[in-house]
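# Survey of secondary and tertiary structure
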Amino acid sequence: MDINFECTMCGKCCQNLKLPLSVDEALAWLERGGDVQFLCEAVPWPDEPPADNLQAQHKRRRSFAASSGELPVRVVVVLAASFDGPCPNLQANMSCAVYEQRPTVCRIYPAEINPFIELKPEQKECPPEAWTPDKPLLMSGLRVVDATTYELIAKSRAADVSDALTKARACLDLGIDAAALANEGLVVYSPPGALTIAALKRARDSGDASEDGLQWKVVSNRRETVDTLTSIGAAGVHYVKTDAPAFDYLGFFPASP
Ligand code: SF4
Ligand code: SF4
């Protein structure tokens, strides 16, 4: 199926977001006064997957190795510009105040960055008139046809890979060491902007140093998950909301006590 698309500048996709950013984009966002959070998840990784397991290889490339107790894991950290309501850069006429410097993900939308997620126009914010057949061709089947979007997706995936160890070092620097069990939720850290800028710069400028022996806790809001993690030697943590949490937890399932 072909998908045609042209942005109508309606501004609907610029509201209530956690926008994934590269390290360089996160620094730029913070230096403009915006907020950046760390969204953390951990994937149990007892064995290396075969080369033809493309989904696992995709996850491997954008993550870093760590342990949770005795359990090998891979940790995915996403730096996200976070805002409720309109983006701080969205102007009254629905144009972007930082259009020339806007993050890559803003340029890619509504296409999908994850190669395993199919673009479904009905799940996007764009109005029907953005998708009519007279608009430029964006997708043919599962293939991105628009050359600019194709290049931007490749750039975004490359940054995910090259930033993974930088994010590992920044987390170590900031004392970030808890991640949600993948597919159950996300652990969200919101360190102060100035501290985040300093940690990201130190991490980025420390070159190719790898991080060995990282220890991470694996968090869930479901008691049965934590019990299972603990039974296999992982450092499982049961998330219970408190008044002054070290981190927040966005659960995909109802909590169990
Ligand atoms: S940076 Fe610009 S394009 Fe991106 S969400 Fe904000 S207003 Fe929209
Ligand atoms: S929701 Fe779609 S049509 Fe509206 S501004 Fe965003 S990309 Fe453009």
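The structure this text deals with has already been given above.
Overview of the structure. From a predicted model like this one, the values you see are computed outputs, not experimental measurements.

The next point concerns the sheet that holds strand E1 (residues 2–4). With antiparallel pairing, three strands are arranged side by side in an open sheet as E1-E6-E7. Pairing within the sheet leaves two strands with one partner each, and these edge strands are E1 and strand E7 (143–144). Strand direction decides the pairing type here: E1 and strand E6 (residues 137–140), joined by three bridges, are antiparallel. Following the sheet pairing, Ile 3 is matched in E6 by Met 139.

Moving on to the nonpolar core. Residues Cys 40, Val 75 and Trp 216 are the most contacted members of the largest nonpolar core, which totals 45 residues. Sequence-distant contacts of Val 75, defined by excluding residues within four places in its chain, comprise Glu 41, Ala 42, Ser 63, Phe 64, Ala 66, Ala 179 and Trp 216. Counting residues in each nonpolar core, the second largest holds 13 residues, with Ile 3, Ala 111, Leu 138 and Met 139 among its members.

Size it by volume and the second largest pocket reaches roughly 370 Å³. Broken down by element, the residue count for the lining of the second largest pocket peaks at four residues, all from helix H4 (residues 147–174). Class assignment of the residues belonging to the lining of the second largest pocket gives a composition of 13 nonpolar, two polar and three charged.

A word on the site of ligand 2. The local shell around ligand 2 consists of Phe 5, Cys 7, Thr 8, Met 9, Cys 10, Gly 11, Cys 13, Tyr 109, Glu 125, Cys 126 and Pro 127. For the shell around ligand 2, the class distribution of residues is eight nonpolar, two polar and one charged.

The rules behind these values
- Residues numbered from 1 in each chain as written.
- Chains lettered and ligands numbered in written order.
- Predicted model: local features only at pLDDT ≥ 70, side-chain atom pairs only at ≥ 80, totals over all residues.
- Heavy atoms only, no water.
- Pairing = 2+ DSSP bridges.
- Helix = DSSP H or I, 4+ residues; strand = E, 2+ residues; numbered from the N terminus.
- Core = buried A, V, L, I, M, F, W, Y, C linked by side-chain atoms within 4.5 Å.
- Buried < 20%, exposed > 50% of the residue type's maximum accessible area, 1.4 Å probe, protein only.
- Contact = heavy atoms within 4.5 Å.
- 1 Å grid on protein atoms, 1.4 Å probe; cavity = no way out; pocket = protein on both sides within 12 Å on 5 of 7 lines; lining within 4 Å.
- Points joined across faces, edges and corners; volume = space filled by probe spheres on them.
- Nonpolar A, V, L, I, M, F, W, Y, C, P; charged D, E, K, R; others polar.
- Near = heavy atom within 4 Å.

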